[in-house]
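As a plain string of letters, each chain reads:
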Amino acid sequence: QGYEKSYQWAHFDEVPFTPVRKPLSECRIGLLGTSEVAVRFDPATEHNPISEEDFRGVYPIPASTPTDKLYSRTAAFDRNATHLDDVNAYYPIDRLREAVADGRIHAMPARVLGAYNNYSQRKVLTQEAPKALAFCREEGLDACVLVPV
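What counts and what doesn't
- Residues numbered from 1 in each chain as written.
- Predicted model: local features only at pLDDT ≥ 70, side-chain atom pairs only at ≥ 80, totals over all residues.
- Heavy atoms only, no water.
- Helix = DSSP H or I, 4+ residues; strand = E, 2+ residues; numbered from the N terminus.
- Buried < 20%, exposed > 50% of the residue type's maximum accessible area, 1.4 Å probe, protein only.
- Contact = heavy atoms within 4.5 Å.
- Areas by Shrake-Rupley, 256 points an atom, 1.4 Å probe, with all protein chains shown as cover.
- Patch = residues over 30% accessible without salt bridge, like charges linked within 9 Å, V, L, I, M, F, W, Y side chains within 5 Å.
- Salt bridge = Lys/Arg side-chain N within 4 Å of Asp/Glu carboxyl O.
- Disulfide = S-S within 2.5 Å.

Comments concerning the overall build of the protein chain
A tally of helices and strands in the protein chain yields four helices and six strands. Secondary structure elements of the protein chain occur, N-terminal to C-terminal, as β-β-α-β-β-α-α-β-α-β. Per-residue burial over the protein chain gives 36% buried out of 149 residues. Look at the contacts in the protein chain between residues 6 or more apart in sequence, and 78% of them connect residues 24 or more apart. With the model as given, the accessible surface of the protein chain reaches about 9500 Å², and the carbon-plus-sulfur share is 54%.

Quick look at the structure:
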C-alpha cells in the first residue's frame, strides 16, 4: 500500500489455540472475517465512523442475515487481482450454512463476527483478539473459521 516500512503482522509467540477434540459433525463453528463486512441499511455496521472508539474492533452480525444484504466496506484489497462481488469469497457464510445443512458441522452460532482492518499489533493482541475469544466462548463455539482479507 505504499508504506516505506513493511508491515509486521501481529502474532503470538505462544499460539493460544487448541486442537479440535471431536468430529466437526459434532462441533459448533463460528465465522470471523476481516473484510469489514457490513449489513446493508444497518447503521450498526454501515455507519461506524473512524472517530468512534471501537471503529477498528470486532463486532457481531446476525448469522441469519441474507447473503444479498452483506457486503464489504473495505478499501484495503488488491483491486488488480480480485473484486468483492462474491461475499462468500471473503466471508463464506453460505459455505458454513451448507455445512450445517449437510451435517458436516453440527451448528453455527446465532451471531458471526466481522472485524475492521487494523494495522496496530498492540490493539489486535490486547483488545481485538481477546474480544473475539470472549465472543467465541460466550457463543459456546468449538472452533471458528478465520478469514483474513
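Following the structure, the description resumes.
A look at the environment of Ser64
If you trace the backbone, Ser64 turns up in the loop between strand E3 (58–62) and strand E4 (70–72). Among the residues examined, Ser64 registers a relative accessible area of 64% and is labelled exposed. Between the C-alpha atom of Ser64 and that of Ile93, which follows or precedes it by 29 residues, the distance is 9.5 Å.

A few points about a nonpolar patch on the surface
Together, Val15, Phe17 and Leu146 line one region of the surface with nonpolar side chains, adding up to about 350 Å² of accessible area. Residue placement: Phe17 occurs in the segment before strand E1 (29–33).

Description of the pattern of salt bridges
Tallied over the entire structure, the rule returns seven salt bridges. With its nearest N and O atoms 2.9 Å apart, the salt bridge here joins Arg97 to Asp94. Taken together, the residues Arg97 and Asp94, both in helix H3 (residues 93–101) and three residues apart, mark about one turn of the helix. Residue class for Arg97 comes out partly exposed when judged on its relative accessible area of 24%. The salt bridge partner of Glu139 is Arg111, with a shortest N-O separation of 2.8 Å. With Glu139 in the loop between helix H4 (121–138) and strand E6 (143–147) and Arg111 in strand E5 (residues 111–115), the pair connects residues that are 28 residues apart, well separated along the chain.

Brief notes about the state of the cysteines
Applying the stated rule across the entire model yields zero disulfides. Unpaired in terms of disulfides, Cys144 finds its nearest cysteine sulfur in Cys136, a separation of 4.2 Å. Owing to a relative accessible area of 25%, Cys144 belongs among the partly exposed residues under this scheme.

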